[in-house]
Amino acid sequence: MQNPAHRSADRNGRYAVGAAVLRDGPHRHLDSGADRLVLRLGLRIRELLQPDGHASIARLARDVLDLVDHLALDRFDALGWSMGASVWWSFIDQYGTSRIRRFVAVDQPAAVAAVPWLTPEQRDSGAIFDVAGLLELGAALAGPDGERVRDDFVRGMFCGDPDRDLIAFVAEQIKSTPAYAGVPLLYDHCAQDWRDVLPRVDVPTLVIGYEGSHVSPASQQFIAGRIPGARLHVSGVDRARPPHIRPLPAQTVPG
């Protein structure tokens, strides 16, 4: 039986692939219309992070490559939210942009941890932690009080007064990856510095930030300023709905 993605390719060749590192599992079909097939990639974190395994942002980017190869996608749009943006930057760093038509990066700084030898440029790039703070967080997440620390950390990622059911859902999804697996991946993610990749993103790009997010909108301005021709959209705080489900004005979507 022909893969439905291949049937869509025969019709119009338009795809969107999203990486938002939320839960384990296979790639999932989110939506399809007359001119687009949308996939959300469930990265196989638990499989890679067994006691004898290892996961990294680079390895997750290879998973993305394996998926688009499996689906025979020659051209697609790419969206990454939070750590998912880092996965796409790693994909671009390793495999280039020849298959990416358009790119959307949501709420992720180019460098998460501010190393002691950082330059003024890196200080402006929106780093969230210093190295000591990152190590302290990792130790706390892996410690006896890790569940409370995890819940507090997740709550801090939401601005305003978000829906309790949504917070509970996100916390439950994160809980499905045990600390011995998730903490090393978090450390690998936070230790990356993608500033040198940004000028090589040579496709139409939209960078999205949010007022009130734990990721400073200034970091998104930094990213948009270093990706050639990128557009920047920063939304205000909407206490009724979390940032990642608010609609965007149509004119912000890159052509």
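Residues numbered from 1 in each chain as written. Predicted model: local features only at pLDDT ≥ 70, side-chain atom pairs only at ≥ 80, totals over all residues. Heavy atoms only, no water.

Q: Would you take a moment to explain the environment of Val87 for this structure?
A: Considering the arrangement of structural elements, one finds Val87 in helix H4 (residues 83-95). The class of Val87 is buried, set by a relative accessible area of 0%. Between the C-alpha atoms of Val87 and Arg62, which are 25 residues apart in sequence, the distance is 9.0 Å. (Helix = DSSP H or I, 4+ residues; strand = E, 2+ residues; numbered from the N terminus. Buried < 20%, exposed > 50% of the residue type's maximum accessible area, 1.4 Å probe, protein only.)

Q: What exactly am I supposed to notice about helix H6 (residues 131-142) here?
A: One turn of an α-helix holds 3.6 residues; hence residues three or four places apart share an orientation. The end-to-end C-alpha distance of H6, which contains 12 residues, comes to 17 Å, matching closely the 16 Å that a straight helix rising 1.5 Å per residue would cover. Residues Leu134, Leu137, Gly138 and Leu141 constitute the buried set of H6. Axial view of H6: buried residues confined to an arc of 100 degrees, hence all on one face. Of the exposed residues in H6, those oriented more than 90 degrees away from the buried face are Ala132, Glu136 and Ala139. Contact partners of the buried residues in H6: strand E6 (113-114), strand E7 (129-130), helix H7 (146-155) and helix H9 (179-191). (Expected span 1.5 Å × (residues − 1). Arc of directions from axis to C-beta. Contact = heavy atoms within 4.5 Å.)

Q: Teacher, can you tell me more about the pairing of strand E8 (residues 205-210) here?
A: Looking down a regular strand, the side chains alternate between one sheet face and the other. Taking burial as the measure, the six residues of E8 include six buried ones, the bulk of the element. In E8, alternate side chains face the same way, and those of Thr205, Val207 and Gly209 on one face and Leu206, Ile208 and Tyr210 on the other are all buried. Bridge count between strand E5 (residues 100-106) and E8: four bridges; the pairing is parallel. Following the sheet pairing, Phe103 is matched in E8 by Thr205. Pairing of E8 with strand E9 (residues 231-235) involves five bridges; the strand directions are parallel. In the strand pairing of E9, Val207 is matched with Leu232. (Pairing = 2+ DSSP bridges.)

Q: Would you explain the packing of aromatic side chains in this entry?
A: How two aromatic rings sit relative to each other is given by the distance of their centres and the angle of their planes. Overall, the coordinates contain four aromatic pairs when judged by the stated rule. Ring centres of Phe76 and Trp88 lie 5.9 Å apart, and the angle between their planes is 40 degrees; on these two criteria the pair is classed as tilted. Of this pair, Phe76 sits in strand E4 (residues 76-81) while Trp88 sits in helix H4; the two residues are 12 residues apart in sequence, bridging distant segments of the chain. Residue classification places Phe76 among the buried residues on the basis of a relative accessible area of 0%. Under the relative-accessibility criterion, Trp88 is labelled buried at 0%. Ring geometry for Phe91 versus Tyr95: centroids 5.3 Å apart, planes at 65 degrees, classification edge-to-face. In this pair, Phe91 and Tyr95 both sit in helix H4, four residues apart, roughly one turn of the helix. (Phe/Tyr/Trp six-rings, centres within 6.5 Å; stacked < 30°, edge-to-face > 60°.)

Q: Can you help me understand the side chain of Thr97 in this one?
A: By the secondary structure assignment, Thr97 is in the loop between H4 and E5. Setting aside chain neighbours within four positions, we find Thr97 in contact with Arg75, Ile92, Arg200, Val201, Asp202 and Val203.

Q: What exactly am I supposed to notice about the pattern of salt bridges here?
A: It is possible for side chains bearing opposite charge to pair when their charged atoms get close. Enumeration according to the criterion identifies 11 salt bridges in this entry. Salt-bridge contacts for Asp77 lead to Arg102; the nearest nitrogen and oxygen are separated by 3.0 Å. Placement of Asp77 in strand E4 and of Arg102 in strand E5 is noted, with a sequence separation of 25 residues between them. Arg102 shares its class with Asp77; the two are buried. (Salt bridge = Lys/Arg side-chain N within 4 Å of Asp/Glu carboxyl O.)

Q: Is there a simple way to think about H4 in this case?
A: Helix length check: H4 (13 residues) gives 18 Å between terminal C-alpha atoms against 18 Å at 1.5 Å per residue, within 8%. Summarising burial for H4: 10 of the 13 residues are buried, a large majority. Directly beyond the C-terminal end of H4, a positive phi value near 80 degrees is found at Gly96.

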